Amino acid sequence: MAISQMVGASIKRREDPRLVTGTGSYVDDIPQTAVVHMHVIRSSEAHARILGIETGRAKEADGVIAILTGKDLKPEFGAPLPVTVCFVPDKKYPNHYPIAIDKVHYVGEPVAIVLATSRAAAEDAGERIEVKYQSLPAVLDIEKAIEKGAPILHEELGSNLSYDVKFAAGDMDAALKEADVTIKQRLIQQRLIPIAIEPRGVLADFKTFSNKLTVWSSTQIPHFVKVWLAVILGIPESNVRVVAPEVGGGFGSKIRVYPEEILTALASRRLGRPVKWIEDRNENVKATHHGRDQIWDVEIAAKKDGTVLGIRPTQWLNLGGYCSQFGTFQVLGMLVAQGAYKMKAFDGRAVGVFTNTTPTDAYRGAGRPEATYLIERVMDLVARETGIDPVEVRRKNFVRVEDQPFTTLLGLTYDSGDYTTTLNKALEMVDYKALRREQAEKRKQGKYLGIGLSTYIEICGLGPAAATQAAVGVSLWGMSVVNVHFTGKATVIIGSSPHGQGHETTYAQVASDVLGIPVEDIDVQHGDTAIGPMGMDTYGSRSTALDGNAVHVSATKVQEKARKIAAHLLEAAEGDVVYENGKAFVKGTPSKAVTIQEIAVAAFQTSRLPKGMEGGLEATTFFDPTNFVWPFGAHICVVEIDAETGATRILRYVAVDDCGTRINPMVVDGQLHGGIAQGIGQALFEEAVYDEAGQLRTGSLVDYLVPTASDLPSFELAATITPSPVNPLGTKGIGEAGTIASTPAVMNAIVDALEPFGVKDVSMPATPQKVWALMHRNGGTKR
Amino acid sequence: MIPAAFDYVVPRTLPEAVAELVKHGQEAKVLAGGHSLIPLMKLRLSTPSFLVDIGRIGNLSYIREEDGHVAIGALTSHHDIEFSELLKNKLPLLTSAASQIGDPQVRNRGTIGGAAAHADPFGDFPACLLALDAEFKAVGPRGERSIAARDFFVDTFTSSLEPNEILREIRIPTPPPGSRGTYLKFSRRSQDWAIVAVAAQVRVTGHEVTQVAVGLTGMGSHPIRASGVEQALRGKAGHDDELRGAAERATDGTDPPQDLNGSPDYRRHLARVLTRRALEQVTAHH
Ligand SMILES: Cc1cc2nc3c(=O)[nH]c(=O)nc-3n(C[C@H](O)[C@H](O)[C@H](O)COP(=O)(O)OP(=O)(O)OC[C@H]3O[C@@H](n4cnc5c(N)ncnc54)[C@H](O)[C@@H]3O)c2cc1C
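Residues numbered from 1 in each chain as written. Chains lettered and ligands numbered in written order. Predicted model: local features only at pLDDT ≥ 70, side-chain atom pairs only at ≥ 80, totals over all residues. Heavy atoms only, no water.

Caption draft 1: The arrangement of the overall build of chain B in detail. Secondary structure summary: chain B contains 12 helices and 14 strands in total. Against the 2.2 N^0.38 benchmark of 19 Å for 286 residues, chain B shows a C-alpha radius of gyration of 19 Å, consistent with a compact globule. Each principal axis of the C-alpha atoms in chain B carries an extent, and together these give about 60 × 45 × 30 Å. In chain B, which comprises 286 residues, the proportion classed as buried is 54%. (Helix = DSSP H or I, 4+ residues; strand = E, 2+ residues; numbered from the N terminus. Rg over C-alpha atoms; globule rule 2.2 N^0.38 Å. Buried < 20%, exposed > 50% of the residue type's maximum accessible area, 1.4 Å probe, protein only.)

Caption draft 2: Molecular detail of the side chain of Asp 124 of chain B. All names here are of chain B. Among the structural elements, Asp 124 can be located in helix α8 (residues 124-131). For Asp 124, a relative accessible area of 6% puts it in the buried group. A distance of 2.6 Å separates the side chain of Asp 124 from the side chain of Tyr 183, its partner in a polar contact. A polar side-chain atom of Asp 124 sits 2.8 Å from a polar atom in the side chain of Lys 185. The contacts of Asp 124, once residues within four sequence positions are left out, are Gln 100, Ile 101, Tyr 183, Lys 185, Ala 194 and Thr 217. (Polar contact = N/O pair within 3.5 Å; in protein donor to acceptor, adjacent residues only side chain to side chain. Contact = heavy atoms within 4.5 Å.)

Caption draft 3: Main features of the site of the ligand. Residues and elements named next belong to chain B. Every one of the 30 residues lining the ligand counts as a neighbour, but Val 30, Gly 34, His 35, Leu 37 and Thr 111 are closest to it. The separation between an oxygen atom of the ligand and a polar side-chain atom of His 78 is 2.8 Å. Residue Asp 124 places a side-chain N or O atom 2.7 Å away from a nitrogen atom belonging to the ligand. For the ligand, whose accessible area on its own is 960 Å², the fraction buried by protein is 89%. If you list the elements that add at least two residues to the shell around the ligand, you get β2 (28-31), α7 (112-118) and β10 (166-173). Here the element with the most residues in the shell around the ligand is α7; it accounts for 4 residues. Split by residue class, the shell around the ligand holds 14 nonpolar, 11 polar and 5 charged. (Near = heavy atom within 4 Å. Areas by Shrake-Rupley, 256 points an atom, 1.4 Å probe, with all protein chains shown as cover. Nonpolar A, V, L, I, M, F, W, Y, C, P; charged D, E, K, R; others polar.)

Caption draft 4: Here's a closer look at the interface of chain B and chain A. In this complex, chain B contributes 23 residues to the contact, which on the side of chain A involves 31 residues. Counting each side, the surface lost to burial between chain B and chain A is near 2,300 Å², with a carbon and sulfur contribution of 52%. Among the residues chain B hides against chain A, the three largest losses belong to Arg 188, Arg 189 and Leu 260 of chain B. Together they make up 31% of the total. At the surface where chain B touches chain A, the tally comes to 5 salt bridges. Among the salt bridges present, the one from Arg 44 of chain B reaches Asp 124 of chain A, with a minimum N-O distance of 2.8 Å. (Buried area = accessible area lost by both parts, 1.4 Å probe. Salt bridge = Lys/Arg side-chain N within 4 Å of Asp/Glu carboxyl O.)

Caption draft 5: Quick peek at the sheet that holds strand β22 (residues 593-595) of chain A. Residues and elements named next belong to chain A. Reading across from one edge, β20-β21-β22 is the order of the 3 strands in this open sheet, with antiparallel pairing throughout. Strands at the two margins of the open sheet, each flanked by one partner only, are β20 (577-580) and β22. Strand after strand, the sheet turns through a mean of 25° between neighbouring axes, direction not considered. Contacting β20, β21 (583-586) and β22, helix α17 (residues 543-570) crosses the sheet at an angle of about 130° to β20. Packing of helix α18 (residues 596-603) onto the sheet brings it into contact with β20, β21 and β22, and relative to β22 it is tilted by some 70°. (Pairing = 2+ DSSP bridges. Axes fitted to C-alpha atoms, helices over the stretch in contact; angles between N-to-C directions.)

Caption draft 6: Main features of the domain arrangement of chain B. One can read the domain layout of chain B as domain 1 (7-53), domain 2 (64-172) and domain 3 (181-283). Summarising the inter-unit geometry, the C-alpha centres of domain 1 of chain B and domain 3 of chain B are found 35 Å apart. (Domains from an automatic or database assignment.)

Caption draft 7: Up close: helix α12 (residues 264-283) of chain B. An ideal rise of 1.5 Å per residue puts 28 Å on 20 residues; α12 of chain B measures up with 28 Å between its terminal C-alpha atoms. Positive backbone phi, approximately 60°, marks His 285 of chain B, located one or two places after α12 of chain B. (Expected span 1.5 Å × (residues − 1).)

Caption draft 8: Region of the structure containing the domain arrangement of chain A. Residue and element names in this part refer to chain A. Along its sequence, chain A is organised into domain 1 (16-21 + 478-623), domain 2 (32-136 + 198-248 + 254-287) and domain 3 (365-461 + 627-775). A separation of 39 Å is found between the C-alpha centroids of domain 2 and domain 3. Listed by partner, the interface residues are 6 residues for domain 2 and 6 residues for domain 3. Contact between domain 2 and domain 3 buries roughly 480 Å² in total, counting both sides, with carbon and sulfur atoms accounting for 59%. Seen at the junction of domain 2 and domain 3, the total is 0 salt bridges. Summed over the shared surface of domain 2 and domain 3, the number is 1 residue pair in polar contact (both at pLDDT 80 or more). Class assignment of the residues belonging to the side of domain 2 that touches domain 3 gives a composition of 3 nonpolar, 2 polar and 1 charged.

Caption draft 9: Broad picture of the state of the cysteines. In this structure the tally under the stated criterion is 0 disulfides over all chains. You can see Cys 323 of chain A has no disulfide; the closest cysteine sulfur is in Cys 86 of chain A, sitting 8.2 Å from it. (Disulfide = S-S within 2.5 Å.)

Caption draft 10: Quick peek at the side chain of Thr 358 of chain A. All names here are of chain A. In this fold, Thr 358 is placed in the loop between β15 (345-354) and α11 (368-386). Residue classification places Thr 358 among the buried residues on the basis of a relative accessible area of 1%. A polar side-chain atom of Thr 358 sits 2.8 Å from the main-chain carbonyl oxygen of Lys 286.

Caption draft 11: Broad picture of the packing of aromatic side chains. Going through the model one piece at a time under the given rule, you end up with 16 aromatic pairs over all chains. Judged by centre distance (5.8 Å) and plane angle (75°), the ring pair of Tyr 653 of chain A and Phe 715 of chain A falls under edge-to-face. You can see Tyr 653 of chain A sitting in strand β25 (residues 648-658) and its partner Phe 715 of chain A sitting in strand β26 (residues 715-719), a full 62 residues away along the chain. Relative to Phe 152 of chain B, the ring of Phe 136 of chain B has its centre 3.9 Å away and its plane inclined at 10°; by these criteria the two rings are stacked. (Phe/Tyr/Trp six-rings, centres within 6.5 Å; stacked < 30°, edge-to-face > 60°.)

Caption draft 12: Just the sheet that holds strand β2 (residues 48-54) of chain A, in detail. Residues and elements named next belong to chain A. Spatial ordering of the open sheet is given by β4-β2-β6, a layout of 3 strands whose pairing is antiparallel. Each edge of the open sheet carries a strand with a single partner, namely β4 (103-104) and β6 (130-135). Across 6 bridges, β2 lies against β6 in antiparallel orientation. Each residue of the ladder has a partner; that of Ile 50, found in β6, is Tyr 133.

Caption draft 13: Representation of the nonpolar core within the structure. Residues and elements named next belong to chain A. Membership of the largest hydrophobic core comes to 155 residues, with the highest contact counts inside it found for Leu 213, Leu 229, Ile 311, Tyr 653, Ile 680 and Ile 750. The element that contributes the greatest number of residues to this core is α11, accounting for 9 residues. Both of domain 2 (32-136 + 198-248 + 254-287) and domain 3 (365-461 + 627-775) provide at least three residues apiece to this core. Residue contacts for Ile 680: discarding those within four places in its chain leaves Ile 650, Tyr 653, Phe 685, Leu 712, Pro 713, Phe 715, Ser 742 and Val 746. Core analysis: the second largest hydrophobic core is formed by 39 residues, Met 6, Val 7, Ala 490 and Val 514 among them. (Core = buried A, V, L, I, M, F, W, Y, C linked by side-chain atoms within 4.5 Å.)

Caption draft 14: Quick look at the packing of helix α7 (residues 222-233) of chain A against helix α8 (residues 259-271) of chain A. Residues and elements named next belong to chain A. Interaxial distance between α7 and α8 falls to 11 Å at its minimum, and their mutual angle equals 55°. Overall, the two elements α7 and α8 adopt an arrangement that is oblique. Note on packing geometry: the crossing formed by α7 with α8 is right-handed. Contact residues: α7 offers Val 225, Leu 229, Ile 232 and Leu 233, while α8 offers Glu 261, Ile 262, Ala 265, Leu 266 and Arg 269. Across the contact of α7 with α8, the residue classes tally to 7 nonpolar, no polar and 2 charged. (Parallel < 35°, antiparallel > 145°, perpendicular 65-115°, else oblique. Left-handed = near helix turned anticlockwise from the far one by under 90°.)

Caption draft 15: Representation of the environment of Ala 337 of chain A. Residue and element names in this part refer to chain A. Looking at where Ala 337 falls in the secondary structure, it is placed in the loop between α10 (332-335) and β15. Residue classification places Ala 337 among the buried residues on the basis of a relative accessible area of 0%. Spatially, the C-alpha atoms of Ala 337 and Gly 367 are 9.1 Å apart, while their sequence positions differ by 30 residues. Once residues lying within four places of it in the same chain are set aside, the contact partners of Ala 337 are Ile 311, Phe 346, Ala 371, Leu 374 and Ile 375.

Put into structure tokens, the structure is as follows:
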């Protein structure tokens, strides 16, 4: 590679000026004339049969153009909503149509759509629609749903059980026999609501005579939405264009093909006018999928010196009312629950269950936060039981540098990683020994300091095509086009679909280094299926490991072609010409160079091209790495608990993360800040709560508590850099690491603070009331 | 989340505004800062067909001292209260409460009159105004009347204002020198509504507690005066054990609600802890 200048530079994000000045264009800002507004009538019942939908009075309301129900639309669905393999090929699941046809399975499920001249008119008319339901008993709880006699959501499946599968290797019974210490613990992953700042939104424009459909959607996956719109609507894929304009956050919640994308498109086809639907927050909290909602039961076998011999985890996953497109992706948690540690046995079981709740699907981390919470709590449980410091327990069990590339019991191979070094660095930053002394002092004064560690690893960069084809059901490549224009400026088209990650900046940095074109002269385009070949979009911290590297490869191909053209222009042998910093010259004579601008002009003039060479200076790449990437790090959280109120205050938060090469360290830090905040959100604040009837009690941001800047400490961040050997840039993902790592760090700190009260586990979120109750459950007496 | 259709007027004077309210009867609602009413309308939990926006009536936003009282215009924003020099000196209880309401946007738009009229049991100003023995001046079709704080907060979202009355001014007796106040609010996030909060105004003269007023937020369907605490402390020297003992009575006569953030028991516990802390704070260094 040429001398790296831009890779590693914390230049400012080019996306930000338009975003912070409100001049970015989100779905709701797309100008369209004659737009019809869609309002979705949603089920008010968690479980019911639809006896009838009375729309007569609503149809007469001002501004109403049409009202359509599931029965009206059913004949137009060429296929149900997609469900992907996601680690569980043999699961049972029902057909899921974008709108309920004769039964509803969760509060918020679409039952009718109102199409009107304005959203206000549509909502007014919506109040006049009467849906007659025959209420059925609802089941909300994972364990109750699979009890005998539980109300069954989908009769055709015979029960609420979707799957019950094993992921095991090694002899767990032998491990238990060998163990000095065995521990059983239940760990609960509460249900979370993703809460992107911009809720979803769709504008669909079907052109009647050309039979062409354009859809603007606030989505993470425009390319996949295009495919599924074509399949479900029965339109040739070549006639469908999907655009993801500015997307105000996703966190996994915009990773699936959603009912409203289909419904707006169908409505537009019927009416011959563009149809727009903008999700409001009221809908967002129940119509956009939720995350987590799992129970993990674990049995641990360990020796008294802290060695973990094996674990036996069971993951009970609440799928919600249907199996969402990537609903079983969360089973990934089971596959990576071994974490950064060696052990002899792993005996995992994953169970998926339907309940009358909003479907669950990927939420920042998707499986890895659950895995990390499990294994990092396991390390602390072992530490508590053996009386060994949690740092030492981790050291004892760590996969060491010399073990890399390490293969887990379940057969996944880590690309690289030095877990001891990140841990040591984090310990040094917090001054761990001094902290432990301070903790002991404070306890004497009735003050409760807690120190929590999380030495996480994660799998991301989805991923090698063959592996993802087998596991998830789709071959996931990175895609890029690099095109140098006549004037020597470049356009980069990527297959990832950023919604906050800063690809426009960082990928320009990557191309700039290879081509020697100034970063300002490189435009990065994305999120429009009309501009490039199939992209695999953005989720699973995959983009930079895949598409970022695809940019590098395409730019390298372009550089190679430029070098050949330069050799021709310099009348030199190809092998003698080198390309550096945007110039090509004969080795040793840099003064007689041709610039990329001169080469670009030549590339479009046949007379100046080498004989037989095609014109243009462009390359396309479908990049397929040799493995997943495995970022890692050590996070340490220090909390103080107010013994009188149970309130937790985070005093310090230290994070040392290794995501390989950092293209733009400031962007990496930004991802970490947001990620850590979200992980702290799960630990301290967030929980979706249903009442017994299946109504969401946390249906607004007054009750569903997302942390804000003033609720968080200043994060102290540092890095180690272990380049990934599986891609040319050496990058690993960082979009989810903060969320994956932080939740257990905070919870381990809280449990540590409560050690004098004999508390071994605290369920999330650690609300003041809950913590207070734990401290006072024995009348406030200490152990 | 679009409100039901409504009509809207912007009167320039109080009498005009009252006339509009009279004309439209039960259908009409006063709009001040809109930070309680508009969210309810967006959820269609409130569907007035007529809004009387009092926001542009002159001379309703002020803080001044007159005849032994501090007078605050109904349209005074939470922000202006938070940063008032006069209040910082004379009524720090109010500035401290104002600084803990919502976030800066809410404080810029919300008004003390709206906060009082809305009578939210979790609102921060009501308990303060109750503890400070405020007086509410309301203008209606039959002219102006004055309502004492203890009669003003009736129930959840219910004040004793008539639908055609407009709150014009809140008057608070200027506390005597040496009287100190503070508002301690306990919530899960910085901008949240209180789970429980305590407003305390105390004066220690020499070695005697000569004034003690404690108001509680979040302990019932309306703000409550912790009269048990007040009785226990009045006339005492204000020693630590006395403060502690008095604070134990913070829950006398309360019926705290149950919600996702707190059980009645937890709220009672918080009320006692926060009351003790508030009392310690306002009596420190005596
Ligand atoms: C995100 C958010 C967070 C908040 N957090 C808090 C908090 O932590 N603590 C807190 O105390 N409050 C909080 N609030 C509420 C805020 O303080 C409101 O501004 C206040 O409660 C109402 O004042 P307003 O001027 O906005 O009244 P409006 O919303 O305009 O009116 C509220 C009600 O009072 C009536 N009304 C208003 N003015 C008068 C008048 N002069 N005479 C007669 N009737 C009148 C209206 O008709 C209406 O019924 C929050 C609000 C929001 C949106």
